[in-house]
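Given next are the chains, with one letter for each unit.
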Amino acid sequence: MTLTQTTPNANIAIIQLRAASPAAKLETIARVRELVAQAVGQSHAAGAPVDLVILPELWNGLADPDESITHDEVIPEVGARVGDIPAKSVSVRALAEIAAQHNIWLVGGTIVETGTPKLYNTATVWSPAGELVQKHRKAHLFDIALPAVTFKESAAFDPGQSLCTFQTPWGKFGLAICYELRFAEVAIALARQDISAIIYPAAFTKPTGELHWELLHRARALDNQVYVFAACLGRVEPAKVVMYGHSLAANPLGQIVATAAEGEEIVYATLDHDVVKDTRAGIPLGTQRRFDLYADIGVGAVISAA
Ligand SMILES: NC(=O)CCC(=O)C(=O)O
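Residues numbered from 1 in each chain as written. Predicted model: local features only at pLDDT ≥ 70, side-chain atom pairs only at ≥ 80, totals over all residues. Heavy atoms only, no water.

Chemist: Looking at this structure, how should I read unusual backbone geometry?
Modeler: Peptide bonds are, in most cases, trans, and in most cases residues other than glycine have a negative phi. Cis geometry is found at the peptide bond from E237 to P238, where omega equals 0°. Of note, P238 is situated in the loop between β11 (227–232) and β12 (248–250). If you check the backbone angles, N103 has positive phi at about 55° while not being a glycine. In this structure, N103 sits in the loop between α3 (90–102) and β3 (105–114). Look at C178: it is not a glycine, yet its phi comes out positive at around 40°. Within the secondary structure layout, C178 lies in the loop between β9 (171–175) and α4 (184–191). According to the relative accessible area criterion, C178 is buried, its value standing at 6%. (Helix = DSSP H or I, 4+ residues; strand = E, 2+ residues; numbered from the N terminus. Buried < 20%, exposed > 50% of the residue type's maximum accessible area, 1.4 Å probe, protein only.)

Written out as structure tokens, the structure reads:
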């Protein structure tokens with residue numbers, strides 16, 4: 001959808017909850033219910049009712065990554081509602097219920113999805129009707145070996161095979177997961193689908209977050225002239241993998257417009273379409289790109305200017 005004068009702005013709430021043990025899944029779900037209710041209540045009280053809420057990656061249990069994978073759930077096909085979700089999938093059911101209860105769009109972070117032969121690290125998007133409107137299986141898995149942190153996500157998960165966008169009353173969004181932030185090509189490919197924002201549920205590590213978290217989000221926002229909204233797990237120490245926190249929103253000029261500290265926190269931000277349009281009109285990268293010079297990364301649509 002090309003941005004029009006009538007595309008309304010969106011009020012966004014980013015929920016940063018602390019990484020929790022998978023064994024405490026039911027308590028964590030209860031906490032998420034409370035935090036979303038708090039975000040909705042606070043935003044109404046402030047006169048800017050929240051439209052879309054974002055949760056982090058593996059929000060329902062990551063403190064012990066080895067244990068997380070035993071907490072896999074079935075995620076139904078797009079179009080499913082609460083009644084279609086197996087009872088075993090308690091987190092998935094909760095996401096559908098929360099969206100419907102509060103009449104909000106919910107980017108339900110990610111959970112471990114039952115897959116074949118391994119598992120997927122999967123994000124879901126829910127409409128205010130409690131309907132699953134989109135899901136994204138993390139396609140770029142976090143396999144790294146640095147002195148400060150070594151991780152092999154591909155030992156547990158299979159990669160997804162596609163990128164993800166979804167349409168809302170506030171325009172079209174791109175959706176990618178944590179490590180996928182590092183791939184400029186993912187954001188470029190999403191931006192060429194006429195989106196106005198990219199959402200990244202994340203569980204970024206503290207050592208790599210200190211190096212790159214803010215820089216990467218600002219770069220993705222600036223390069224693609226989109227808003228970027230990132231929900232990271234909050235910090236618990238000690239832990240096998242310590243999370244960075246610092247959930248944030250960046251605007252199309254690459255400026256951080258809202259940010260959290262390390263612990264549990266709700267971050268509020270507005271997706272302002274005038275900022276998107278003015279940035280693209282003032283610095284018209286979308287119409288100036290020379291895909292004839294970099295054809296190996298694709299040929300196609302340009303980002304709409306205004
Ligand atoms: N869960 C992840 O994908 C972690 C990504 C991360 O920490 C990074 O540095 O990249």
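Once you've had a look at it, read on.
Chemist: Can you walk me through the site of the ligand in this structure?
Modeler: Looking at the ligand, the residues that line it are E57, K138, F142, C178, Y179, R182, A203, F204, T205 and T208. Interatomic distance of 2.9 Å between a side-chain N/O atom of E57 and a nitrogen atom of the ligand. Protein chains shield 96% of the accessible area of the ligand, which is 290 Å² for the free molecule. In the shell around the ligand, the residues fall into 5 nonpolar, 2 polar and 3 charged. (Near = heavy atom within 4 Å. Polar contact = N/O pair within 3.5 Å; in protein donor to acceptor, adjacent residues only side chain to side chain. Areas by Shrake-Rupley, 256 points an atom, 1.4 Å probe, with all protein chains shown as cover. Nonpolar A, V, L, I, M, F, W, Y, C, P; charged D, E, K, R; others polar.)

Chemist: Would you take a moment to explain the packing of aromatic side chains for this structure?
Modeler: By convention here, two paired aromatic rings are described through the distance between centres and the angle between planes. On inspection of all chains with the given rule, the structure shows 10 aromatic pairs. Ring geometry for F166 versus F173: centroids 5.4 Å apart, planes at 10°, classification stacked. With relative accessibility at 4%, the residue F166 sits in the buried group. Classification of F173 by relative accessible area gives buried; the value is 0%. Here the aromatic residues W105, F166, W170 and F173 are joined through ring pairs into a cluster of three or more. (Phe/Tyr/Trp six-rings, centres within 6.5 Å; stacked < 30°, edge-to-face > 60°.)

Chemist: In this structure, what is going on with the environment of E265? I would like to understand it.
Modeler: Within the secondary structure, E265 sits in strand β14 (residues 265–271). Linking E265 and R18, residues 247 residues apart in sequence, is a C-alpha distance of 9.0 Å. The contact partners of E265, leaving out residues within four places of it in the chain, are I14, I15, Q16, T259 and A260. There is a polar contact of 3.0 Å between the side chain of E265 and the backbone nitrogen of A261. (Contact = heavy atoms within 4.5 Å.)

Chemist: Where do I start with the nonpolar core in this structure?
Modeler: A general trend in soluble globular proteins is that nonpolar side chains are found buried together. Counting residues in hydrophobic clusters, the biggest one holds 48 residues, and the most contacted among them are L52, I54, F166, I199 and F229. Examining the composition of this core, we find that 6 residues originate from one element, β11, more than from any other. Beyond its immediate stretch of four places on either side in the chain, L52 contacts N11, I12, A13, W105, V107, F166, F173 and I199. Residues L58, I75, A94 and I98 belong to the second largest nonpolar core, which totals 39 residues. (Core = buried A, V, L, I, M, F, W, Y, C linked by side-chain atoms within 4.5 Å.)

Chemist: Is there a simple way to think about the state of the cysteines in this case?
Modeler: With the rule as written, the count across this model stands at 0 disulfides. Looking at C164, it has no disulfide partner, and the nearest cysteine sulfur is the one in C178, 16 Å off. On the basis of relative accessible area, C164 is assigned to the buried category, the value being 1%. (Disulfide = S-S within 2.5 Å.)

Chemist: Can you walk me through the packing of helix α1 (residues 25–45) against α3 in this structure?
Modeler: The description of two helices packed together rests on the angle between their axes and the distance between the axes. The geometry of α1 relative to α3 is characterised by a closest axis approach of 11 Å and an angle of 15° between their N-to-C directions. The angle between α1 and α3 places the two elements in the roughly parallel class. For the element pair α1 and α3, the recorded crossing hand is right-handed. Packed against α1, whose contacting residues are K25, L26, I29, V32, R33, V36, A37 and V40, the element α3 presents V90, S91, A94, E97, I98, Q101 and H102 at the interface. By residue class, the composition of the contact of α1 with α3 is 9 nonpolar, 3 polar and 3 charged. (Axes fitted to C-alpha atoms, helices over the stretch in contact; angles between N-to-C directions. Parallel < 35°, antiparallel > 145°, perpendicular 65-115°, else oblique. Left-handed = near helix turned anticlockwise from the far one by under 90°.)

Chemist: Even after reading the chapter, I still don't get the pattern of salt bridges, so can you show me in this structure?
Modeler: Pairing of side chains with opposite charge becomes possible as their charged atoms draw close. Under the defined criterion, the tally for this structure stands at 15 salt bridges. Put simply, E73 and K25 hold a salt bridge, and the shortest N to O gap is 2.7 Å. Note that E73 is positioned in the loop between α2 (65–68) and α3 and K25 in helix α1, a separation of 48 residues in sequence. Residue E73 shares its accessibility class with K25, and that shared class is buried. Each of the salt bridges in this network shares a partner with another, and the network as a whole consists of E77, E113, K135 and R137. (Salt bridge = Lys/Arg side-chain N within 4 Å of Asp/Glu carboxyl O.)

Chemist: Honestly, the UniProt feature "domain: CN hydrolase" (unreviewed entry) in the chain in this entry has me stumped. Any pointers?
Modeler: In the numbering used here, UniProt assigns the "domain: CN hydrolase" (unreviewed entry) feature to residues 10–273. Segment residues 10–273 splits into 25% helix and 29% strand. End C-alpha atoms: 9 Å apart. (UniProt positions renumbered as here; feature names shortened; annotations may be inferred.)

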